[in-house]
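# Structural description and commentary
Listed below are the residues making up each chain.
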Amino acid sequence: MNTIAERIYDFLKDFPPFNMLDRNQLFSISEAVEVGYFEKDQALFKIDQPIENHFYVVKNGAIGLYTSQGTIVDECDEGDIFGLRALLRKDNYILDAIAIEESIVYSISSELLEEYITTNSEASQVFNEKFYL
């Protein structure tokens, strides 16, 4: 057994839309997650930076999303997804993502999102309500 993937699975299974996937689907995602550590004030991405082929989930800590004027738009904490709207727009990031405190963040491939979440009707509905509306 992959103990790191098991820990990631145990965390993600409590948060939508991941909690709507079956064990095999979520475990496949968990095995492919990249874990990142960010110190306070460290940027994950900046405005106008080209998008990566992944989105993020906060495991521990807090990530702030800021405008170019430094105004906080959202504070993402445990279980929150961010960086996804840029993928949906297929455009550069329009906000800065900066660690408000020491944080651990999971990076998940958008290909896995398409493979598992958009093909699961319940997860897809929650996903669409949260990110498309």
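Provided above is the structure to which this section pertains.
Residues numbered from 1 in each chain as written. Predicted model: local features only at pLDDT ≥ 70, side-chain atom pairs only at ≥ 80, totals over all residues. Heavy atoms only, no water.

## Description of the pairing of strand β3 (residues 54-60)
We apply this condition: Exposed residues in this analysis have more than 50% of their type's maximum accessible area, buried residues have under 20%, and partly exposed residues fall in between, with area computed by a 1.4 Å probe over protein chains only. Elements are defined by DSSP. Helices are runs of H or I of four residues or more, strands are runs of E of two residues or more, and each kind is numbered from the N terminus. Any two strands with at least two DSSP-identified bridges between them are counted as paired.
Within β3, 5 of the 7 residues are buried, which leaves the element mostly enclosed by the surrounding structure. Of the strand pairs in this sheet, β3 and strand β8 (residues 103-109) are connected by 6 bridges, and their pairing is antiparallel. From the neighbouring strand, Val-57 faces β8, where its bridge partner is Tyr-106. In this structure, β3 lies alongside strand β6 (residues 81-82), joined through 2 bridges in antiparallel fashion. Across the sheet, residue Tyr-56 finds its bridge partner in β6, namely Phe-82.

## Some thoughts on the pairing of β8
Among the 7 residues that make up β8, 5 are buried, leaving the element largely enclosed by the rest of the structure. Sheet topology places strand β1 (residues 34-38) next to β8; 5 bridges connect them, and they run antiparallel. Note on β8: the bridge partner recorded for Phe-38 is Ser-103.

## Observations concerning the packing of aromatic side chains
Rule in force here: Aromatic rings from Phe, Tyr and Trp, with only the six-membered ring used for Trp, were paired whenever their centres fell within 6.5 Å, and each pair was classed as stacked if the ring planes differed by under 30 degrees, edge-to-face if by over 60, and tilted otherwise.
Using the criterion set out here, one finds 7 aromatic pairs in the structure. On the basis of an interplanar angle of 35 degrees and a centroid distance of 6.2 Å, the ring pair of Phe-45 and Phe-82 is categorised as tilted. You can see Phe-45 sitting in strand β2 (residues 43-45) and its partner Phe-82 sitting in strand β6, a full 37 residues away along the chain. Phe-82 carries the same exposure label as Phe-45, and that label is buried.

## Observations regarding the environment of Gly-64
Worth spelling out the cut-off: Residues are treated as being in contact if the distance between any of their heavy atoms lies within 4.5 Å.
As for its placement among the helices and strands, Gly-64 is situated in strand β4 (residues 63-66). Gly-64 sits 11 residues away from Glu-75 along the chain, and the two C-alpha atoms are 4.5 Å apart. If we skip the residues at most four places from it in the chain, Gly-64 touches Ile-72, Asp-74, Asp-96, Ala-97, Ile-98 and Ile-100.

## Brief notes about helix α1 (residues 3-12)
Along α1, the positions that sit buried rather than exposed are Ala-5, Glu-6, Ile-8, Tyr-9, Phe-11 and Leu-12. Looking at the packing, one finds that the buried side of α1 touches α2 (23-32), β1, β3 and β8.

## Points about unusual backbone geometry
For the bond running from Pro-16 to Pro-17, omega is 0 degrees, close enough to zero to count as cis. Note on placement: Pro-17 falls in the loop between α1 and α2. Phi is positive for Asp-41, close to 75 degrees, though the residue is something other than glycine. Among the structural elements, Asp-41 can be located in the loop between β1 and β2. Of note in this structure, Asp-48 is not a glycine but carries a positive phi near 75 degrees. Along the polypeptide, Asp-48 turns up in the loop between β2 and β3.

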